[in-house]
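Breakdown of the fold
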Amino acid sequence: MIKAVLFDMDGLMFDTERIGHRGWKYGAQVLGLELPDEVIAAGRGMSVADSRAMYLERLGPEVDYDALRALRVAYADEAIARDGLPVKPGLRQLLEHLRAAGIPAALATATVREKALLYLKMAGVDGFFEAAVCGDEVAHAKPAPDIFLAAAKALGVPAEECLVLEDSPNGIRAGAAAGCKAVMVPDLMEPTDELQTLTAAIVPDLFAVVPLLDTL
């Protein structure tokens, strides 16, 4: 029986991965870099440190990752300030259902705390989360299980009784490694054979999570 739900943020709650993808491409253009889509995809859900290491390995040690990331962040910040934060369909309805059912929710995101809490407030859903664990607060980022284990602990619920909601491969791997029941809501990446073996379910949107709560 599911006793708590642990939420990823970017790509799951908010449609921000597309903005981030465009931001990486913009930064690469400014710096005159070739940045393949698969490198951007591989970094989704990673901490800044892990992302830096991966980018330098894939693109070469001469790449100024910090300058590239700064351009990407500035691009995304400007886009959200201009157009608003795009909220995924079904988010509020799911959170309201969890509250009514007495099932606590925690945020477990690779994003740093300041920005994560800002996004929750912008979307008007900050009051639905009883705990938040952010990417700069765990020793090992996704795909390691640390963030979900910490979020489960913060709620006082065993990991095996928690449902993890994720859109990225790194997030699904982390949820499965933590011993949680992982459900994938695909965003920019479709589930692979590997991910299908790691998930309890794959659903098209957050609306489809509610019927799962009594079955997992």
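Above this note sits the structure.
Report on the accompanying structure. (Residues numbered from 1 in each chain as written. Predicted model: local features only at pLDDT ≥ 70, side-chain atom pairs only at ≥ 80, totals over all residues. Heavy atoms only, no water.)

Considering the pattern of salt bridges
Counted by the stated rule, this structure contains 14 salt bridges. Between Lys-142 and Asp-8 there is a salt bridge, with the nearest N and O atoms lying 3.0 Å from each other. Of the two residues, Lys-142 sits in the loop between strand E3 (131-134) and helix H7 (146-155) while Asp-8 sits in the loop between strand E1 (4-7) and helix H1 (17-31), which places them 134 residues apart along the sequence. Each member of the pair, Lys-142 as well as Asp-8, carries the same accessibility label: buried. In this structure, Asp-187 and Arg-18 form a salt bridge, with 2.7 Å as the shortest nitrogen-oxygen distance. (Salt bridge = Lys/Arg side-chain N within 4 Å of Asp/Glu carboxyl O. Helix = DSSP H or I, 4+ residues; strand = E, 2+ residues; numbered from the N terminus. Buried < 20%, exposed > 50% of the residue type's maximum accessible area, 1.4 Å probe, protein only.)

Notes on the environment of Ala-151
Summarising the element assignment, Ala-151 is placed in helix H7. In this structure, the C-alpha to C-alpha distance between Ala-151 and Ala-132, residues 19 residues apart in sequence, is 6.7 Å. Sequence-distant contacts of Ala-151, defined by excluding residues within four places in its chain, comprise Leu-6, Ala-106, Ala-108 and Val-133. (Contact = heavy atoms within 4.5 Å.)

Notes on the pairing of strand E5 (residues 181-184)
In this sheet, E5 lies alongside strand E4 (residues 162-166) in parallel orientation, the contact comprising four bridges. Bridged to Leu-165 within E5 is Val-183. In this fold, the crossover linking E4 to E5 by way of helix H8 (residues 169-177) has right-handed handedness. Summarising the sheet, E5 and strand E6 (residues 201-202) pair through two bridges and their orientation is parallel. From the neighbouring strand, Met-184 faces E6, where its bridge partner is Ile-202. (Pairing = 2+ DSSP bridges. Right-handed = clockwise from strand over helix to strand, strands pointing away.)

Observations concerning the environment of Met-13
Here Met-13 shows up in the loop between E1 and H1. Those residues in contact with Met-13 that sit more than four places away from it in its chain are Phe-7, Asp-8, Val-87, Lys-88, Leu-91, Leu-107, Leu-120, Val-125 and Phe-129.

Structural notes on the packing of aromatic side chains
Scanning all chains against the criterion turns up six aromatic pairs. Note on Phe-14 and Tyr-119: the rings are 6.2 Å apart at their centroids and 90 degrees apart in plane angle, and the pair reads as edge-to-face. Residue Phe-14 is located in the loop between E1 and H1, and its partner Tyr-119 is located in helix H6 (residues 113-123); the two are separated by 105 residues in the primary sequence. Geometrically, the ring pair formed by Tyr-55 and Tyr-65 is edge-to-face, given 5.4 Å between the ring centres and 65 degrees between the ring planes. Of this pair, Tyr-55 sits in helix H3 (residues 48-59) while Tyr-65 is found in helix H4 (residues 65-83), placing the two residues ten residues apart along the sequence. The same class applies to Tyr-55 as to Tyr-65, namely buried. (Phe/Tyr/Trp six-rings, centres within 6.5 Å; stacked < 30°, edge-to-face > 60°.)

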